[in-house]
Amino acid sequence: MKSGKQLVCIVVFMTAGWTAAANLYRYTDQNGTLVLESMIPPEFVSKGYEILNEQGQVLKVVPPAPSAEELAKKKAEQERLEMQSARDAELMKLYRSPEDVDRAKASWMSRLDVEIKLKRNQLTIRQTELDELRSQAASLERVNKPIPEALLQQMQEVQSLMEAINVDIQKVEARKVEDEKQFELDKQRVAELIKNKQK
């Protein structure tokens with residue numbers, strides 16, 4: 001003879017099983033038709049469905065599983081927020097006010113200006129060197145003497161160096177423009193973070 005505790009467990013188990021069996025599933029099939037059944041085919045689970053009791057009351061709404069594109073967007077947004085949070089923490093360590101950003105910007109721009117000035121000085125030196133080499137070549141041509149291959153090679157090397165210096169100058173000037181924009185964005189963000197912190 002079973003104990004009273006065992007009988008209670010059996011009754012509870014049977015009742016739970018009957019209740020689960022009484023639930024209905026409402027989903028949309030491959031034809032777009034709304035279907036109401038006691039079971040939902042596995043291929044439609046990911047598309048979302050509703051669980052109803054035998055009176056037709058909705059017990060639970062299971063949303064569609066996110067698509068690969070939605071998951072990718074969600075991941076990208078999460079990564080963006082994490083990067084923004086890390087950047088915010090860095091900004092608050094670097095600056096105590098928007099004016100601090102202005103001072104850092106002025107210092108950095110001055111440094112880039114010095115770098116450009118040094119490169120332009122190098123360019124002037126190379127230009128003088130090239131002018132002297134060209135003068136030598138012209139002197140030889142005036143007396144109908146051939147220009148040595150070494151002299152031509154040296155002129156080509158100086159020209160190549162000058163081109164490289166010009167490219168470097170353009171890169172630094174472009175960096176100035178981009179860095180100035182970033183400093184302005186940082187200044188705005190620092191102001192926002194301080195304002196939010198004071199609320």
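- Under an unreviewed UniProt entry, the name given to the protein chain is DUF4124 domain-containing protein, and the source organism is Gynuella sunshinyii YC6258.

**Brief notes about the nonpolar core**
Phase 1: Tyr95, Met155 and Val190 are the most contacted members of the largest nonpolar core, which totals 20 residues.
Phase 2: For this core, the elements supplying multiple residues, two or more each, are α4 (98-142) and α5 (149-198).
Phase 3: The residues contacting Met155, other than those within four sequence positions of it, are Leu130, Leu133, Arg134 and Ala137.
Phase 4: Membership of the second largest hydrophobic core comes to seven residues, among which are Val35, Ile40, Phe44 and Tyr49.

**Comments concerning the packing of aromatic side chains**
Phase 1: Applying the stated criterion across every chain yields a total of two aromatic pairs.
Phase 2: With centroids separated by 5.2 Å and ring planes inclined at 25°, the aromatic side chains of Tyr27 and Phe44 adopt a geometry described as stacked. In this pair, Tyr27 is assigned in strand β1 (residues 24-28) and Phe44 in helix α2 (residues 42-45), connecting sequence segments 17 residues apart. Neither residue differs from the other here; Tyr27 and Phe44 are each classed as buried.

**Examining the pattern of salt bridges**
Phase 1: According to the stated counting rule, one finds 17 salt bridges in the structure shown.
Phase 2: A salt bridge links Glu69 to Lys73; its shortest N-O distance comes to 3.6 Å. In this pair, Glu69 and Lys73 are both assigned in helix α3 (residues 68-94), four residues apart and thus about one turn of the helix distant.
Phase 3: The residue Arg175 makes a salt bridge to Glu115 at a minimum N-O spacing of 3.9 Å. On the criterion of sequence distance, the pair formed by Arg175 in helix α5 and Glu115 in helix α4 is long-range, its members being 60 residues apart.
Phase 4: Classification of Arg175 as partly exposed rests on a relative accessible area of 33%.
Phase 5: Accessibility expressed as a relative area gives 26% for Glu115, which makes it partly exposed.
Phase 6: A cluster of three or more residues bridged by salt bridges with shared partners is formed by Arg87, Glu90 and Asp186.

What counts and how
Residues numbered from 1 in each chain as written. Predicted model: local features only at pLDDT ≥ 70, side-chain atom pairs only at ≥ 80, totals over all residues. Heavy atoms only, no water. Core = buried A, V, L, I, M, F, W, Y, C linked by side-chain atoms within 4.5 Å. Buried < 20%, exposed > 50% of the residue type's maximum accessible area, 1.4 Å probe, protein only. Helix = DSSP H or I, 4+ residues; strand = E, 2+ residues; numbered from the N terminus. Contact = heavy atoms within 4.5 Å. Phe/Tyr/Trp six-rings, centres within 6.5 Å; stacked < 30°, edge-to-face > 60°. Salt bridge = Lys/Arg side-chain N within 4 Å of Asp/Glu carboxyl O.

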